[in-house]
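# Structural overview for review
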Amino acid sequence: MIDRELAEKIAACVKCGSCRAVCTLYPERRTEVNVARGKIALLESAMAGEVGLPACGAIPLGEERDAAVREALADCLLCGRCERNCPNQVAVEEILVAGRTRFADKLGLPVWKRILFDEVLPSARALNAVRAAGNAAQHLLRKMPTESGLHYRFPDVAGLHGRTLPALPPIGFVASLGKDEARAGEVMLFPGCVFDLVMPEIGRDSYETLKAAWGEVTVSRDAACCGLPALASGDRAGAMKAISKNLVAMRAAAPRSIVFPCGSCLKMFRRDLLNVIPTDHPLRDAAEWVAERCVDYATSILDSPLVRILVPAPAAFGAGSVGWHDPCHLSGTLGRGEAGRELLERAVGRGFGEMKGTDRCCGYGGTFNARDYPTSARIGENKISLAIQGGTSTIVTACSGCILQLRDMAARVSRQTRVRHLAQVVRGLLPA
Amino acid sequence: MEATSRTCLKDIFGDRFKDSPEDRLCYAYDATGKEFLPDAVAYPVDAEEVRQAILLANERRFPVIPRGAGSGFSGGCLPVRGGLVLSTERMNRVLSIDPANLLAVVEPGVVTETLKEEARRFSLFYPPDPASMKFGTIGGNIAECAGGMSAVKYGVTRDYVLGLEAVLGSGEMIRTGVSTAKGVVGYDLTRMLVGSEGTLGFVTRATLRLLPLPESTGTLLALFRDNGEASRAVAGIVEARITPSAMELMDRSAIDCVRRVVALDLPEETGCALLVEVDGAPPSVASELEGVEMALRAYGAIEVRRATDGPGRERLWKLRRSISPALRKIAPVKLNEDIVVPRSALPEMMAFLSELAARERLTIVNFGHAGDGNIHVNVMISGTDSDERRRADAAVETIFRKTVDLGGTISGEHGVGISKAPFFEMEVGPLGVSVMKRLKAAFDPNGILNPGKIWLEESAVTR
């Protein structure tokens, strides 16, 4: 985004403060720098080459000040609630990402992020290698059975804060596909790297249910990360690398629709893609073609004949015990939460009950979880506690980050709380 | 602010004292579009910390600026002379709700909506409802004496503040008012502090009056051909001895503004709309809705829509709620004023605003709380045309003069702050200013509390 465009977007913020009412982070910190208008004010001053504004008396930006503004911009979950609540419809996410890009270009990224975004995430082979290494290393950690599968509890040292993560599998979902599986079909599945390599059972459930819905389903054997982590960190080059690989594979497969079980990946392809790829880029046509065909998992199943033969399994769930968690990107940014809710209600019948705090952010926020785990955990623990208060014992959702976070938080708050992907629920109801 | 003061403040507040450029910049603004950099920000958690900071400020002579959510439209919390911003963000507890005596005791940083929700749990009701209530704080509402849509029936913040605990500008701690339904002992210092824009004292605790929660609400949207009919209908409803809980007027310019960005299901000839809400027990709501509808039709409403359920009422509110977002689409800058005229003068004021807009070639969008004569006058500016800016500034002064001539006030709910300081004397007169300055000196002898506000010569700030 050129600076003139960015300045216009920034000028739309009149600093009324309505972003304070809905900010996920603000209740935890209670300082202005944590809400959108504070960050926008900082970016505005940074663009002017100084901190402060003419009437205030300016303070020139040096490296230390640059780093401080960069930190302020990075300290956000990008849940988008401020943007949706803004009376002036300020494009907060675009502004913050543009700001992060500006500072990433100026100051560079930390080495670990550079390697991750430029070398690992855009490469299926590298991603698989990391999974394999993790699989080998995790035997040093403590196994922890949870209701939602085998997990590892990290030690409460070295900034790991006793976090719980799923066991990395010996083989990913895509690698597990047989030679003749998933070669062609009108529907293409983009499982995303988490549902491919970290929770391959969800990749498999998505695949099997889509197959039951639409017949043959294509899966790219060379899929890269969707590019959102790199983009959100301001690494546009890294994001482009990942996007380009995926776009080429998607265009070549020429599906009627591309289905995303992860809301964040879908947001990347439906909303961010056309902002990232310039209009004169060689892949622009492919990007437009792809963006039009991207659909969320629930909508794809609801549009299929399968939905008519799904028989709710009320016996499996207590009345009102199954709740839907609205992923910020899927339900908020893309407005597809109702499809997830409708499919879940069809699947579990009277087992469905509106979850208390359903539209609250889970606190994951991509790299925010790594950046400030204690805060991320407090937000997530509150979310789980609220759900339990409302009588929800099974939380169903459709976003990889939310599932990682909610399972971790359930392990901290209540191990009886189950966290499942919509596809797992639907697969359980497939006719034999 | 000198280094010694900073050291002392760090001793008082520890890591809740901030003076990095980034932290200071985030407390340099509010919703006026102006910025002034403070020297530092601190987040007190109790009255004692506030007292210590203000005593230090008296000793070292630096300004102290109380700040709630920074959502004001008049610059009341802007640090125009630098100094220490004392934010109430960490003093945010609802200390008690007393259903037997219909009272709430709160700290200043409580968000107004939070108090309303807490009260609702006891089937009680805190009526003031400023547009910023989801993020604005009780302390800020008290400082500016915030109003809102329900003021026509329930009054404004002032009417619900029974007593206060505050640290005066002198650093002395004072308790004012009562915790009883009534009390007439001595001067009403509570009312002195409410609406004083943080220039007399820093409120650290408030005792607020609550009411029983109304059982039901009904809403009517009446469509008129012109502003005159609608503003006469406002008086007609009052004459029918009905007191609505909201009575919002949207003139032709506001409707046209919304039409440019949102599809509206309104008849083509709609030139003005009046949204009326009544609340109370279901039978009285039903009969009041009948009475209001009769009055609306008698004054020429071409259509009246009615709803009593949540979604239906929300549909009727859509037009009103769409105005603010739509304003941005027609011009990037608005001079947002909040004049009040006697209800009977509303038709004359509305006609005057239309004529002024045409004469000065300006877009002036008017809407607001017509039930209490409070009009939000928005003079829209493209942001690039200096002649337009000059005409807009002149128009605002003309509007203020007309308002005062009609027996009205230049601010119904935003306060004077820095925005209206140039026009303050126009309304209160030189003697009014002089008496107020003497009162200020009694509360804040060294002038350290929120300096540069309300009166022009100390503000050194023009619009």
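Residues numbered from 1 in each chain as written. Chains lettered and ligands numbered in written order. Predicted model: local features only at pLDDT ≥ 70, side-chain atom pairs only at ≥ 80, totals over all residues. Heavy atoms only, no water.

Once that is clear, we can look at the overall build of chain B. Along chain B, the regular secondary structure elements total 15 helices and 18 strands. Taken over C-alpha atoms, the radius of gyration comes to 23 Å for chain B, in line with the 23 Å a tight globule of 463 residues would show. In terms of principal-axis extent, the alpha carbons of chain B reach across some 70 × 60 × 40 Å. Here chain B, with 463 residues, has 58% of them falling under the buried criterion. Taking the contacts inside chain B whose residues are at least 6 apart along the sequence as the reference set, 72% of them involve residues at least 24 apart. A total accessible area of about 17,900 Å² is found for chain B, and carbon and sulfur atoms account for 51% of it. Both charge centroids of chain B, one from 55 positive and one from 62 negative side chains, sit 1 Å from each other. (Helix = DSSP H or I, 4+ residues; strand = E, 2+ residues; numbered from the N terminus. Rg over C-alpha atoms; globule rule 2.2 N^0.38 Å. Buried < 20%, exposed > 50% of the residue type's maximum accessible area, 1.4 Å probe, protein only. Contact = heavy atoms within 4.5 Å. Areas by Shrake-Rupley, 256 points an atom, 1.4 Å probe, with all protein chains shown as cover. Lys, Arg positive; Asp, Glu negative; His and termini not counted. Charge placed at Lys NZ, Arg CZ, Asp CG, Glu CD.)

With 140 residues, the main nonpolar core has F269 and L343 of chain A as its most contacted residues. Of all the elements, helix α6 (residues 92-107) of chain A adds the most residues to this core, at seven residues. The residues touching L343 of chain A, leaving out its near neighbours within four places in the chain, are Y297, A298, I301, L302, V307, L310, L422 and V426 of chain A. Among the nonpolar cores identified, the runner-up in size contains 47 residues, and L220, V234, L249 and F423 of chain B belong to it. (Core = buried A, V, L, I, M, F, W, Y, C linked by side-chain atoms within 4.5 Å.)

Moving on to the pairing of strand β13 (residues 246-250) of chain B. All names here are of chain B. Burial analysis of β13 places five of its five residues in the buried class, which makes it a mostly covered element. A two-sided burial pattern is seen for β13, the buried positions comprising A246, E248 and M250 on one face and M247 and L249 on the other. Pairing geometry for β13 and strand β17 (residues 363-369), over two bridges, is antiparallel. Looking at β17, one finds that M250 is bridged to F367. (Pairing = 2+ DSSP bridges.)

Attention now moves to the sheet that holds strand β15 (residues 303-307) of chain B. All names here are of chain B. On the basis of which strands lie adjacent, the open sheet formed by seven strands has the order β15-β12-β14-β13-β17-β18-β16 and antiparallel pairing. The sheet is open, and its two edges are formed by β15 and β16 (333-340), each paired on a single side. Within the sheet, the average angular offset between the axes of one strand and its neighbour, ignoring direction, is 15°. On the sheet, helix α9 (residues 252-259) packs against β13, β14 (272-280) and β17 and is oriented at approximately 105° with respect to β17. (Axes fitted to C-alpha atoms, helices over the stretch in contact; angles between N-to-C directions.)

The interface is formed by 30 residues belonging to chain B together with 34 residues belonging to chain A. On inspection of chain B and its partner chain A, the count reaches three salt bridges. Connecting chain B to chain A are ten residue pairs in polar contact (both at pLDDT 80 or more). Listing elements by their share of the side of chain B that touches chain A, those giving two or more residues are α2 (21-25) and α11 (310-330) of chain B. Sort the elements by how many residues they give to the side of chain B that touches chain A and α2 of chain B lands first, with five residues. A per-class count over the side of chain B that touches chain A returns 13 nonpolar, six polar and eleven charged. (Salt bridge = Lys/Arg side-chain N within 4 Å of Asp/Glu carboxyl O. Polar contact = N/O pair within 3.5 Å; in protein donor to acceptor, adjacent residues only side chain to side chain. Nonpolar A, V, L, I, M, F, W, Y, C, P; charged D, E, K, R; others polar.)

Residues and elements named next belong to chain A. At a minimum axis distance of 9 Å, the contact between helix α4 (residues 63-74) and α6 shows a crossing angle of 145°. As α4 packs across α6, the resulting crossing turns out to be left-handed. For the pair α4 and α6, the contacting residues are D66, A67, V69, R70, L73 and A74 in the first and L96, G99, R100, F103, K106 and L107 in the second. Class assignment for the residues of the contact of α4 with α6 results in seven nonpolar, one polar and four charged. (Left-handed = near helix turned anticlockwise from the far one by under 90°.)

This part covers a nonpolar patch on the surface. On the surface, L431, V435 and L439 of chain B cluster together to form a nonpolar patch covering roughly 250 Å² of accessible area. Within the fold, V435 of chain B resides in helix α14 (residues 424-443). (Patch = residues over 30% accessible without salt bridge, like charges linked within 9 Å, V, L, I, M, F, W, Y side chains within 5 Å.)

Attention shifts here to the sheet that holds strand β2 (residues 40-42) of chain B. All names here are of chain B. Spatially, the four strands line up as an open sheet ordered β1-β2-β4-β3, and their pairing is mixed. Of all the strands in the sheet, the pair left with one neighbour each is β1 (17-18) and β3 (64-67). Direction of pairing for β1 relative to β2: antiparallel, over a ladder of two bridges. Counted as the bridge partner of K18 is V41 from β2.

Under the criterion given, the structure shown has nine aromatic pairs over all chains. Taking the centre distance of 6.1 Å and the plane angle of 75° together, the rings of Y126 of chain B and Y160 of chain B count as edge-to-face. Placement of Y126 of chain B in the loop between β7 (124-125) and α5 (138-144) and of Y160 of chain B in the loop between α6 (151-154) and β8 (161-168) is noted, with a sequence separation of 34 residues between them. The two residues Y126 of chain B and Y160 of chain B agree in class, both being buried. An aromatic cluster is present here, built from F190, F260 and F269 of chain A joined pairwise through their rings. Above the plane of the ring of W289 of chain A lies R251 of chain A, whose end atom (NZ or CZ) is 4.1 Å from the centre. Sitting over the ring of Y43 of chain B, R90 of chain B keeps its end group 4.5 Å from the ring centre. (Phe/Tyr/Trp six-rings, centres within 6.5 Å; stacked < 30°, edge-to-face > 60°. Lys NZ or Arg CZ within 6 Å of the ring centre and 35° of its normal.)

Mapped onto the secondary structure, A301 of chain B falls in the loop between α10 (282-298) and β15. The sequence separation of A301 of chain B and A222 of chain B amounts to 79 residues, and the corresponding C-alpha distance is 6.0 Å.

As for its placement among the helices and strands, T218 of chain A is situated in strand β7 (residues 217-219). Among the polar contacts made by the side chain of T218 of chain A, one reaches the main-chain amide nitrogen of G185 of chain A at a distance of 2.9 Å.

Okay, the pattern of salt bridges next. With the rule as written, the count across this model stands at 57 salt bridges over all chains. A salt bridge links K420 of chain B to E337 of chain B, with the shortest nitrogen-to-oxygen separation between them at 3.3 Å. With K420 of chain B in the loop between α13 (386-405) and α14 and E337 of chain B in strand β16, this residue pair connects regions lying 83 residues apart in the sequence. Within the structure, one salt-bridge network assembled from shared partners comprises R20, E32 and R37 of chain A together with R67 and E89 of chain B.

Attention shifts here to the confidence of the model for chain B. Residues and elements named next belong to chain B. Per-residue confidence for chain B gives a mean pLDDT of 93; residues scoring 70 or more make up 98%. Every residue in residues 458-463 is under pLDDT 50, and counting partners more than four places away or in other chains gives 18 contacts. Overall fold confidence (pTM) sits at 0.92, and the ipTM for the predicted complex is 0.92. (pLDDT = per-residue confidence, 0-100.)

The subject of this paragraph is helix α3 (residues 36-47) of chain A. Every α-helix carries 3.6 residues per turn, so stepping three or four residues along brings you back to the same face. Residues and elements named next belong to chain A. For α3, built from twelve residues, the straight-helix expectation of 16 Å at 1.5 Å per residue is met to within 8% by its first-to-last C-alpha distance of 16 Å. Buried within α3 are the following residues: A36, R37, G38, K39, I40, A41, L42, L43, S45 and A46. G49 sits one or two positions beyond α3 and adopts a positive phi of about 85°. (Expected span 1.5 Å × (residues − 1).)

On to α9 of chain B, then. All names here are of chain B. When we look at burial in α9, the residues that qualify are A254, I255, C257 and V258. The buried residues of α9 occupy an angular sector of 160° when projected down its axis, which confines them to one face. Next to the buried residues of α9 lie β13, β14, α11 and β17. (Arc of directions from axis to C-beta.)

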